[in-house]
Amino acid sequence: MSTRRRGATATARPRAEPLILVLHGPNLNLLGTRDPLIYGTTTLADIDAELVRLAGARGAAVESLQSNHEGALIDAIHGARGRCDALVINPGAYTHTSIAIRDALDAVDLPAVEVHLSNIHAREEFRRESRIAARCVGQICGFGAQSYYLGLDAALTIVERRRAERPRDV
Ligand code: CA2
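In this report, we go over the structure that sits alongside the text. (Residues numbered from 1 in each chain as written. Predicted model: local features only at pLDDT ≥ 70, side-chain atom pairs only at ≥ 80, totals over all residues.)

## Some words on the overall build of the protein
And step 1. Scanning the protein from N- to C-terminus turns up five helices and six strands.
And step 2. Rg of the C-alpha trace for the protein: 15 Å, near the compact-globule value of 15 Å for 170 residues, within the 12% margin.
And step 3. When the backbone C-alpha atoms are referred to their principal axes, the protein occupies close to 55 × 30 × 25 Å.
And step 4. Buried positions account for 40% of the 170 residues belonging to the protein.
And step 5. Taking all contacts inside the protein whose residues are at least 6 apart in sequence as the whole, residues at least 24 apart take part in 77%. (Helix = DSSP H or I, 4+ residues; strand = E, 2+ residues; numbered from the N terminus. Rg over C-alpha atoms; globule rule 2.2 N^0.38 Å. Buried ≥ 20, exposed ≤ 12 C-beta atoms within 10 Å, placed from the backbone. Contact = placed C-beta atoms within 7 Å.)

## Quick word on the nonpolar core
And step 1. Formed by 48 residues in total, the largest nonpolar core has its most connected members in Ile20, Ala86, Leu87, Val88 and Ala155.
And step 2. The element that contributes the greatest number of residues to this core is helix α5 (residues 145–165), accounting for eight residues.
And step 3. Apart from the residues within four sequence positions on either side, Leu87 is in contact with Leu21, Leu23, Ile77, Ala80, Leu110 and Ala112. (Core = buried A, V, L, I, M, F, W, Y, C linked by C-beta atoms within 7 Å.)

## Quick notes on the packing of helix α3 (residues 70–80) against helix α4 (residues 99–108)
And step 1. Two elements in contact, α3 and α4, have axes separated by 9 Å at closest approach and are oriented at 5°. As judged from the angle between their axes, α3 and α4 are roughly parallel. Here Glu70, Leu73, Ile74, Ile77, His78 and Ala80 of α3 come into contact with α4, specifically with Ala100, Ile101, Ala104, Leu105, Ala107 and Val108.
And step 2. Residues that form the contact of α3 with α4 fall into these classes: 10 nonpolar, one polar and one charged. (Axes fitted to C-alpha atoms, helices over the stretch in contact; angles between N-to-C directions. Parallel < 35°, antiparallel > 145°, perpendicular 65-115°, else oblique. Nonpolar A, V, L, I, M, F, W, Y, C, P; charged D, E, K, R; others polar.)

## Comments concerning α3
And step 1. What α3 keeps buried is the set Leu73, Ile74, Ala76, Ile77 and Ala80. In a view along the axis of α3, the buried residues occupy a sector of 160°, so they form one face of it. Residues of α3 that are exposed and point more than 90 degrees away from the buried face comprise Gly71 and His78.
And step 2. Backbone geometry just after α3 places Gly82 at a positive phi near 75°. (Arc of directions from axis to C-beta.)

## Considering α4
And step 1. Considered for burial, the residues of α4 that qualify are Ile101, Ala104 and Leu105. When α4 is viewed along its axis, its buried side chains cluster within an angular range of 100° and face the same direction. Opposite the buried face of α4, by more than 90 degrees, sit the exposed residues Ile99 and Asp106.
And step 2. Buried positions along α4 lie against α3 and β5 (112–116).

## Observations regarding the environment of Arg34
And step 1. Its location among the elements puts Arg34 in the loop between β2 (19–24) and α1 (36–39).
And step 2. Taking the C-alpha atoms as reference, Arg34 lies 19 Å from Ser147; in sequence the two are 113 residues apart.

Following this line, the structure appears as structure tokens:
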């Protein structure tokens, strides 16, 4: 499944408001329907709606995509280059396997925040390693849906700080 949602009308770059791309990896479309003890009861639609609301309150916009396909996630990362200001990414199980997603993050040179619903360091050994962590500004995990909201906060803070530091045209 693939979904795209935007919190604001699309405009060509340059745009005044920051745009954050939120990527959800495989099986996260099932959120809220199974395994509530691990992943909670909030649905992905609930999370995306709250991200749009939180971003809007800070004068920013969010675009979300969920895919069960590694290549679709990579295409979305490539498409963010020059169009989005930062990424929030939960690559799902690709976290632990995907050098291709790590390379895509390298290629676009955008600040990225890794998020996970569960505390991947308190689960099975194979979940403790993240292939993408080294290419992200930081990782937030273990807070359920709140991990995404904290991740958005971190991404927006980075973007706002960079904009404040950017030299202005005279
Ligand atoms: O904790 C996370 O956010 C994970 O990225 C979730 C992935 C898992 O492979 C990672 O190790 C940690 C799995 C997502 C599966 O999502 C489901 C949600 C509801 C029901 C079934 C699966």
